[in-house]
Amino acid sequence: MLDESRRLGGIDIAVIVAYFVIVIGFGLWASLKNRGSVSGYFLGGRSMNFVLVGASLFASNIGSGHFIGLAGSGASTGIGIAAFELNAIFILVLLGWIFVPVYIASGVYTMPEYLRRRFGGQRIRVYLAFLALLLSIFTKVAADLYAGAIFINQAFNWNIYASIVLLLAIAALFTISGGLTAVIWTDFIQTIIMLAGASYLMIVSFIAVGGYGNVLRLFPEAVSRGLFNATSSSSSSVNDSLSASCGRPPDTAFHLIRPLDDILPWPGVIFGLTISSTWYWCTDQVIVQRALASKDYSHAKAGCILAGYLKFLPLWLLVFPGMISRILFPEEVACVDPDECLAVCGSSNGCTNIAYPLLVIRLLPSGARGLMLAVMMSALMSSLTSIFNSSSTIFTMDIWTQIRKNPKDVELMIVSRVFVLFMVAVGIVWIPVVGNFSELFHYIQSVSCYLSPPICAVYLLAVLWKRTNEQGAFWGLMFGLVAGLVRFGLESAYDSVSCGSEEEDTRPVILKDVHYLHYGIFLFAAVFLITVVVSLLTQPIDSVHLARLTFWNRHSTDKRIDISVLDESKKKQKKKEKKSSTTNSAGDSTHTNAGFIGDGANSVVTVQPFDLLQNNADKKPVSWKRKVANWICGIEDHPERPELTEKEKEDLERKQTSLEEIPRVRILCNVNAVILLGFGLFFWIYFA
């Protein structure tokens, strides 16, 4: 049972209700102007300024898993886990200056669509689309739900499943009714809430422990009394030393660069983490979609810079508070005895995951607890809405268009909403499974290292080396998939030996002695080499198909013959020849989607919303039920918007794929990027 100090008061409930009213209302209001089009729903009408983009990049990344995971890892091993955040500073610059200009110039909506245009064929695009959906549903959603459940259960003793179902439903409401515009605007509001609430708790925590100097002095000695009981009752001197080392923070607690036998070894942090980060920040749909929603290239770069500055904050807002929680509450956070840990947090493997919730419960007054619950809801919902929107984009544009050839825009809009409902259902079903993972944060990081390095290698080669072709990319990805699944299967088959245990470690050498970050380095190098070799041994892609698809020709004005459209034309020609040999058709009934313009059928999408509901010449009254359904699905009638002429379509495409910048703005972005990189390098050197 909870004591009275841990119960929600009237002020807490009022804060939570106000949060939902403000954020939902503001997000839906902001989405009204872009709801009725594919471009508006999936890319926010490409009208977002750099503040919204930067805030959304940060909020999409910082989910409830970070509040629980970063603080918990900080409580367990110190600031080493902050390397994941500080590394992102450099990769965000890579995103803004190397990858985004290629994506904008190519005019794509999704990352698999880029590879489809770059290489042609369908197998790579469909493979990556399914892989992205699986990762989103079973790792990203699972991690946030698990972390949110820990916080809600520890802080407020709410029914976990009912709370998560409610949060999922509200997150789905944002995405279904608003699209990316609503998601980005709510991300902006929720970023402010997260930063304000987490900053307040950080200040209170540092005051409670006596300042930064006391953190440096007290954290190495923050151990549970159970540690001494365990060591005093041990009959083995070896086991005694092991138990003592397991219950204490490591000697490298305040260092980012650590020895090879550490849980975060230095080669893995410097190289392996960079590979995984490049995959996440530069090729993951959830992240890149925010940058592509910018009103122009300069705003995309500025948004990346802003997100980079915000990535300095998790070290102070989450990691250090987690370490302070261990100092203040060592009996709970640093528990050693499995039975005691089970009683404290329901897990016999340790209770560092409750470090952040304990700070909220023990240090914050009534009202502030409600604010922090709102912060956790913000983090959870920001992550979920981002995943829902981006995953529905991938499913609709990369998979559904393969199932249904030439779908109408209204069909794409409805399918995307229905798929969000499907993800909500899967998320709810997955909730009982989430609780079975004792170390979900490291589980997700390791899974990412098994699957992401091959994707990172292929995207880097696709963007930077024009000689890369479809055969090389495909076989490189296939090798990476098999090698990654082999390691993941072995890791699932063997139980790891807990620290201090007298059991013999019978795991294979590849598990015992090869860290998952090091294995990611091997995967990246192997896939890179295979892709290069196979590409050199097979026919290259003609340059006429590569205009504006690599970094080196991103400014090209040459007419691109879309290789993906060429493949489709060949298929249609074969079908037409087969059909003509069996029957004589009175006319060609092939449907052409007028909404797709540009170099090929998969170019920039524009929408004539007036045609989504009915023909202009045959307009009938619509019932109020149909109006409500149309509004929910974003199907709106805009009779004032005339059909675009061919010249207007060309002008629109040119604007949406333009990389032109105002000279002084370009210089300002470049200077800020250098300053950002300088600050990042200073932090790495200071804490190295």
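Residues numbered from 1 in each chain as written. Predicted model: local features only at pLDDT ≥ 70, side-chain atom pairs only at ≥ 80, totals over all residues. Heavy atoms only, no water.

Caption draft 1: Layout of the overall build of the chain. Helices and strands together make up the secondary structure of the chain, namely 29 helices and 0 strands. In the chain, which comprises 688 residues, the share counted as buried stands at 57%. Within the chain, counting contacts between residues at least 6 apart in sequence, those at least 24 apart form 84% of the total. Total accessible area on the chain is roughly 28,700 Å²; 63% of this is exposed by carbon and sulfur atoms. (Helix = DSSP H or I, 4+ residues; strand = E, 2+ residues; numbered from the N terminus. Buried < 20%, exposed > 50% of the residue type's maximum accessible area, 1.4 Å probe, protein only. Contact = heavy atoms within 4.5 Å. Areas by Shrake-Rupley, 256 points an atom, 1.4 Å probe, with all protein chains shown as cover.)

Caption draft 2: Quick peek at the pattern of salt bridges. Inspection of every chain in the model, using the stated rule, returns 8 salt bridges. Put simply, Arg 258 and Asp 262 hold a salt bridge, and the shortest N to O gap is 3.5 Å. Here the two residues Arg 258 and Asp 262 agree in accessibility, since each one is buried. Across the pair Glu 661 and Lys 301 runs a salt bridge whose closest N-O atoms are separated by 3.0 Å. (Salt bridge = Lys/Arg side-chain N within 4 Å of Asp/Glu carboxyl O.)

Caption draft 3: Summary view of the packing of helix α5 (residues 83-106) against helix α13 (residues 285-292). Running from N to C, α5 and α13 cross one another at 75°; their axes reach a closest spacing of 10 Å. Here α5 lies roughly perpendicular to α13, going by the angle between them. In this structure, α5 contributes Leu 95, Val 100, Tyr 103 and Ile 104 to the contact, and α13 contributes Ile 287, Val 288, Ala 291 and Leu 292. For the contact of α5 with α13, a count of residues per class yields 8 nonpolar, no polar and no charged. (Axes fitted to C-alpha atoms, helices over the stretch in contact; angles between N-to-C directions. Parallel < 35°, antiparallel > 145°, perpendicular 65-115°, else oblique. Nonpolar A, V, L, I, M, F, W, Y, C, P; charged D, E, K, R; others polar.)

Caption draft 4: Geometry of the environment of Asp 144. Take Asp 144: it is sitting in helix α7 (residues 123-156). Placed 80 residues apart in sequence, Asp 144 and Ser 64 show a C-alpha to C-alpha distance of 5.4 Å.

Caption draft 5: Molecular detail of the packing of helix α12 (residues 266-283) against helix α24 (residues 516-537). Packing of α12 against α24 brings their axes to within 8 Å, and their N-to-C directions diverge by 50°. Overall, the two elements α12 and α24 adopt an arrangement that is oblique. Note on packing geometry: the crossing formed by α12 with α24 is left-handed. Residue-level contacts link Pro 267, Gly 268, Val 269, Phe 271, Gly 272, Leu 273 and Ile 275 of α12 to Leu 517, His 518, Gly 520, Ile 521 and Phe 524 of α24. Split into classes, the residues belonging to the contact of α12 with α24 amount to 8 nonpolar, 4 polar and no charged. (Left-handed = near helix turned anticlockwise from the far one by under 90°.)

Caption draft 6: The arrangement of the packing of aromatic side chains in detail. Following the criterion strictly, the structure yields 25 aromatic pairs and no others. Ring geometry for Tyr 212 versus Phe 320: centroids 5.6 Å apart, planes at 80°, classification edge-to-face. Of this pair, Tyr 212 sits in helix α9 (residues 212-218) while Phe 320 sits in helix α15 (residues 313-328); the two residues are 108 residues apart in sequence, bridging distant segments of the chain. What links up through ring pairs into an aromatic cluster is the set Phe 312, Phe 682, Phe 683, Tyr 686 and Phe 687. The ring centre of Phe 474 lies 3.8 Å from the NZ or CZ of Arg 123, which sits over that ring. Seen from the ring of Tyr 519, Arg 487 lies directly overhead, with NZ or CZ sitting 5.2 Å from the centre. (Phe/Tyr/Trp six-rings, centres within 6.5 Å; stacked < 30°, edge-to-face > 60°. Lys NZ or Arg CZ within 6 Å of the ring centre and 35° of its normal.)

Caption draft 7: Spotlight on the nonpolar core. Membership of the largest hydrophobic core comes to 88 residues, with the highest contact counts inside it found for Phe 67, Ile 79 and Tyr 356. If one sorts the elements of this core by residue count, helix α8 (residues 160-209) sits on top with 10 residues. Setting aside anything within four residues of it in sequence, one finds Ile 79 in contact with Ala 253, Phe 254, His 255, Leu 256, Arg 258, Leu 315, Val 319, Phe 320, Met 323 and Phe 687. In terms of nonpolar packing, the next biggest core, distinct from the first, is built from 60 residues, Phe 99, Tyr 297, Cys 304 and Ala 462 among them. (Core = buried A, V, L, I, M, F, W, Y, C linked by side-chain atoms within 4.5 Å.)

Caption draft 8: View of the side chain of Glu 411. Considering the arrangement of structural elements, one finds Glu 411 in helix α20 (residues 409-434). Residue class for Glu 411 comes out buried when judged on its relative accessible area of 16%. Only 2.9 Å separates the side chain of Glu 411 from the side chain of Arg 404, close enough to count as a polar contact. Each residue touching Glu 411, except ones within four places of it in the same chain, is listed here: Trp 400 and Arg 404. (Polar contact = N/O pair within 3.5 Å; in protein donor to acceptor, adjacent residues only side chain to side chain.)

Caption draft 9: Here's a closer look at the environment of Asp 12. Topologically, Asp 12 is positioned in helix α1 (residues 10-31). With a relative accessible area of 0%, Asp 12 lands in the buried category.

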